[in-house]
Amino acid sequence: MKVDGVAYRSIWRDPSETTVTVVDQTLLPHRFDTLKLMNVADAIDAIKRMVVRGAPLIGVTGAYGYAMALRDDPSDANVDAAFDAINAARPTAVNLRWALEIMRQEVRDLAPDDRAVAAYVTADRLRAEDIETNGAIAEQGARLVREIYEANGRSRPVNILTHCNTGWIACVDWGTALGVVYRAHDDGIPVHVWVDETRPRNQGASLTTWELGSHGVPHTLIVDNAGGHLMQHGQVDICLVGADRVTASGDACNKIGTYLKALAAKDNHVPFYVVLPGSTIDWGMQDGVTEIEIEERASDEVTHISGVAGDGSIVKVRLAPKGTKVGNPAFDVTPARLVTGLVTERGVAPASREGLRALYPEKG
Ligand SMILES: CSC[C@H]1O[C@H](OP(=O)(O)O)[C@H](O)[C@@H]1O
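Please read all numbers here as calculations on a predicted model, not as lab measurements. (Residues numbered from 1 in each chain as written. Predicted model: local features only at pLDDT ≥ 70, side-chain atom pairs only at ≥ 80, totals over all residues. Heavy atoms only, no water.)

1. Things to note about the UniProt feature "binding site: substrate" (unreviewed entry) in the protein chain
Those places that UniProt annotates as "binding site: substrate" (unreviewed entry) correspond, in this numbering, to Arg53, Gly54, Ala55, Arg90, Gln203, Asn254 and Lys255. Annotated residues from the preceding list that form part of the lining of the largest cavity: these are Arg53, Gly54, Ala55, Arg90, Gln203, Asn254 and Lys255. Considering the arrangement of structural elements, one finds Gln203 in helix α7 (residues 203-215). Following the sequence through the fold, Asn254 ends up in strand β11 (residues 252-255). Since its relative accessible area comes to 5%, Asn254 is described here as buried. At a separation of 3.2 Å, a polar atom in the side chain of Asn254 contacts the main-chain amide nitrogen of Ala243. (UniProt positions renumbered as here; feature names shortened; annotations may be inferred. 1 Å grid on protein atoms, 1.4 Å probe; cavity = no way out; pocket = protein on both sides within 12 Å on 5 of 7 lines; lining within 4 Å. Helix = DSSP H or I, 4+ residues; strand = E, 2+ residues; numbered from the N terminus. Buried < 20%, exposed > 50% of the residue type's maximum accessible area, 1.4 Å probe, protein only. Polar contact = N/O pair within 3.5 Å; in protein donor to acceptor, adjacent residues only side chain to side chain.)

Right under this line is the structure:
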């Protein structure tokens with residue numbers, strides 16, 4: 001995507017270098033700056049601190065972190081040690097484990113001296129595939145938006161509600177749910193996006209508004225608790241959200257608050273679609289509510305809020321009294337029964353075992 005007229009992707013590597021550069025999302029929207037990850041420790045830190053975030057981007061960053069780990073120590077022991085260290089950085093997005101499993105599979109049987117070069121080739125491939133996959137997702141999802149626009153007699157923009165950030169900054173490029181929005185917009189379908197602020201990290205308020213504003217997509221920032229009200233009043237035509245892990249039966253784990261939106265959508269007969277690449281499907285998991293590990297993040301994400309001071313410095317200010325006890329689950333699980341459909345690079349499927357296997361028959 002373009003930032004001030006310059007095309008960017010969220011992560012890249014100069015082919016002559018073994019380090020990678022990422023966009024530092026903790027500074028957006030106040031400052032656009034990049035950060036060079038020099039080694040596996042930097043990659044793990046960037047994932048943990050959400051310098052990089054979003055399931056697909058976490059996976060690609062983990063892949064490069066694994067390549068840097070093998071650059072520095074290609075031993076048999078480190079093939080597994082690096083996998084475990086990176087995989088522990090954030091537990092919920094399955095894309096991290098998915099990417100690491102591919103990386104390890106493709107290097108483990110090589111001679112130690114050949115592992116690093118092969119790992120970079122694989123990481124570069126996963127990065128390129130993410131761009132292609134999300135472009136295909138955008139095309140599949142834009143059809144849904146067009147159908148709504150046509151059904152409304154082309155009389156008004158399609159009102160889309162989205163949660164958290166699922167744009168190019170959460171992937172390598174395009175995005176997932178926001179990728180659908182970009183494609184519809186670029187295809188000339190008038191859209192308007194209700195942007196959930198998405199407490200407590202405010203990915204919607206800080207990142208989605210920044211992305212949509214940069215791309216010229218009409219949008220309105222709302223507090224998380226306004227979505228149900230808007231649906232009750234006919235202000236939402238479709239909900240499009242991302243995912244961090246979708247089970248083989250179609251349960252969808254996503255940013256905290258997604259489940260509540262799905263309940264409101266069901267109650268108001270608003271189509272609720274989860275938008276994801278196949279790498280976000282956990283084929284070994286059935287019941288998302290009982291099986292998916294939900295990351296518990298730091299208390300200060302809830303007790304404090306980040307913003308920009310008058311001098312342009314980025315500051316954190318306290319909202320809650322010192323000593324306040326905090327719960328901060330970062331994700332929740334929307335049962336398949338509340339999901340209208342799953343938008344993937346291979347098409348749109350019902351949120352069910354049968355629906356997913358029809359799109360991915362090779363998964364058995
Ligand atoms: C395109 S995946 C985006 C997905 O990841 C976000 O989580 P986080 O910001 O904590 O990485 C959120 O669940 C989004 O839907």
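And the narrative resumes.
2. Quick look at the pattern of salt bridges
Taken as a whole and assessed by the stated rule, the structure comprises 24 salt bridges. Between Glu301 and Arg201 there is a salt bridge, with the nearest N and O atoms lying 2.9 Å from each other. In this pair, Glu301 is assigned in helix α11 (residues 300-303) and Arg201 in the loop between β7 (191-196) and α7, connecting sequence segments 100 residues apart. On the basis of relative accessible area, Arg201 is assigned to the partly exposed category, the value being 29%. Look at the salt bridges and you will find they share partners, linking Arg90, Arg201, Glu295, Arg297 and Glu301 into a network. (Salt bridge = Lys/Arg side-chain N within 4 Å of Asp/Glu carboxyl O.)

3. Things to note about the sheet that holds strand β5 (residues 34-37)
Across the sheet, 3 strands lie side by side as β3-β4-β5; this open sheet has antiparallel pairing. Looking along the sheet, the strands with just one partner apiece sit at the ends: β3 (11-12) and β5. Across 4 bridges, strand β4 (residues 20-23) lies against β5 in antiparallel orientation. Counterpart to Val22 in the pairing with β5 is Leu35. (Pairing = 2+ DSSP bridges.)

4. So, the packing of helix α2 (residues 55-72) against helix α4 (residues 94-107)
As a packed pair, α2 and α4 sit with axes 7 Å apart at the nearest point and diverge in direction by 35°. Seen from above, α2 lies across α4 with right-handed handedness. Facing α2, whose interface residues are Ala55, Pro56, Ile58, Gly59, Gly62, Ala63, Tyr66, Ala67 and Leu70, α4 presents Asn95, Leu96, Ala99, Leu100, Met103, Arg104 and Val107. Tallied by class, residues from the contact of α2 with α4 come to 12 nonpolar, 3 polar and 1 charged. (Axes fitted to C-alpha atoms, helices over the stretch in contact; angles between N-to-C directions. Left-handed = near helix turned anticlockwise from the far one by under 90°. Contact = heavy atoms within 4.5 Å. Nonpolar A, V, L, I, M, F, W, Y, C, P; charged D, E, K, R; others polar.)

5. Examining the pairing of strand β9 (residues 238-241)
Side-chain positions along a regular strand alternate between the two faces of the sheet. Side chains of β9 alternate between two faces, with Ile238 and Leu240 and Cys239 and Val241 buried alike. In terms of strand pairing, β9 meets strand β12 (residues 272-275) through 3 bridges, oriented parallel. Pairing of Leu240 across the sheet is with Tyr273, part of β12.

6. Thoughts on empty space enclosed by the protein
Tallied over the full model, the rule gives 2 cavities of 30 Å³ or more. In this structure, the largest cavity encloses a volume near 190 Å³. If you trace the largest cavity, you find 23 residues lining it, with Arg53, Gly54, Ala55, Asn165 and Asp244 closest to the centre. Counting only elements with at least two residues in the lining of the largest cavity, the list comes to α2 and β11. (Points joined across faces, edges and corners; volume = space filled by probe spheres on them.)

7. Side note on the UniProt feature "active site" (unreviewed entry) in the protein chain
When the UniProt feature table is mapped onto this chain numbering, "active site" (unreviewed entry) sits at Asp244. When sequence neighbours within four positions are dropped, the list of residues in contact with Asp244 reads Ala55, Thr92, Ala93, Val94, Asn95, Cys253, Asn254, Lys255, Thr280 and Phe331.

8. Things to note about the layout of surface pockets
Here the largest pocket is characterised by a volume of approximately 640 Å³. Contributing to the lining of the largest pocket are 28 residues, with Thr26, Pro200, Arg201, Ser306 and Lys316 lying nearest its centre. Within the residue set of the lining of the largest pocket, elements represented by two or more residues are α7, α11, β14 (304-308) and β15 (314-318). The residue inventory of the lining of the largest pocket, partitioned by class, reads 10 nonpolar, 9 polar and 9 charged. Lining the second largest pocket are 24 residues, with Trp98, Pro277, Gly278, Ser279 and Lys363 sitting closest to its centre. Elements with a minimum of two residues in the lining of the second largest pocket: α2, α4, α5 (112-151) and β13 (281-282).

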